[in-house]
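Below, each chain spelled out in residue letters.
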Amino acid sequence: MRDFLDAEFPVAQGRRDAPVPPLAPLLAPERMVLQLSCAGWDDVLDVVAERLASSQPGADVARVVGGLKRHREESSCAVGGGVAVPHSFLPARCPPRPW
């Protein structure tokens, strides 16, 4: 899936001197939940937050849920065909940058 997303939706180079962050670390297997079936979005976000928090030592599940819900209020995370990419920015919990 990571290869597909990188190929189909390449990151545009904004400034020539700024490195473009790779998508792969954000789509690591421990951050994905496949074949999830939930009654509603709140349940989905709870499951996703638990998964994300468990992959980040010291992360607070409630804070992750709050960030996911705030972001969802601003814009959809649905891609289509039953696929969604719930996401939020938590500055202290970003994956390490390889550059």
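Look up: the structure comes first, before these words.
My aim in this report is to walk through the structure given alongside it, one point at a time. (Residues numbered from 1 in each chain as written. Predicted model: local features only at pLDDT ≥ 70, side-chain atom pairs only at ≥ 80, totals over all residues. Heavy atoms only, no water.)

So, about a nonpolar patch on the surface. A cluster of nonpolar side chains, Met1, Val79, Val83 and Val85, forms an exposed patch at the surface whose accessible area comes to about 350 Å². Taking the relative accessible area as the measure of exposure, methionine 1 reaches 58% and is therefore exposed. (Patch = residues over 30% accessible without salt bridge, like charges linked within 9 Å, V, L, I, M, F, W, Y side chains within 5 Å. Areas by Shrake-Rupley, 256 points an atom, 1.4 Å probe, with all protein chains shown as cover. Salt bridge = Lys/Arg side-chain N within 4 Å of Asp/Glu carboxyl O. Buried < 20%, exposed > 50% of the residue type's maximum accessible area, 1.4 Å probe, protein only.)

Looking now at the packing of helix α2 (residues 41-54) against helix α3 (residues 61-74). Running from N to C, α2 and α3 point in directions that differ by 130°, and their axes come no closer than 9 Å. Judged by the inter-axis angle, α2 sits oblique to α3. Between α2 and α3 lies a crossing whose hand is right-handed. Mapping the contact onto sequence places Trp41, Asp42, Leu45, Asp46, Val48, Ala49, Glu50, Leu52 and Ala53 in α2 and Val61, Val64, Val65, Leu68, Lys69 and Arg72 in α3. For the contact of α2 with α3, a count of residues per class yields 10 nonpolar, no polar and 5 charged. (Axes fitted to C-alpha atoms, helices over the stretch in contact; angles between N-to-C directions. Helix = DSSP H or I, 4+ residues; strand = E, 2+ residues; numbered from the N terminus. Parallel < 35°, antiparallel > 145°, perpendicular 65-115°, else oblique. Left-handed = near helix turned anticlockwise from the far one by under 90°. Contact = heavy atoms within 4.5 Å. Nonpolar A, V, L, I, M, F, W, Y, C, P; charged D, E, K, R; others polar.)

Let us look at α3. Taking 1.5 Å of rise per residue, 14 residues should cover 20 Å, and α3 covers 20 Å from first to last C-alpha, within 8% of that figure. Every buried residue of α3 is accounted for by Val64, Val65, Gly66, Gly67, Leu68 and His71. The secondary structure elements touched by the buried residues of α3 are α2. (Expected span 1.5 Å × (residues − 1).)

Spatial relationships are all this shows, so hold off on functional conclusions.
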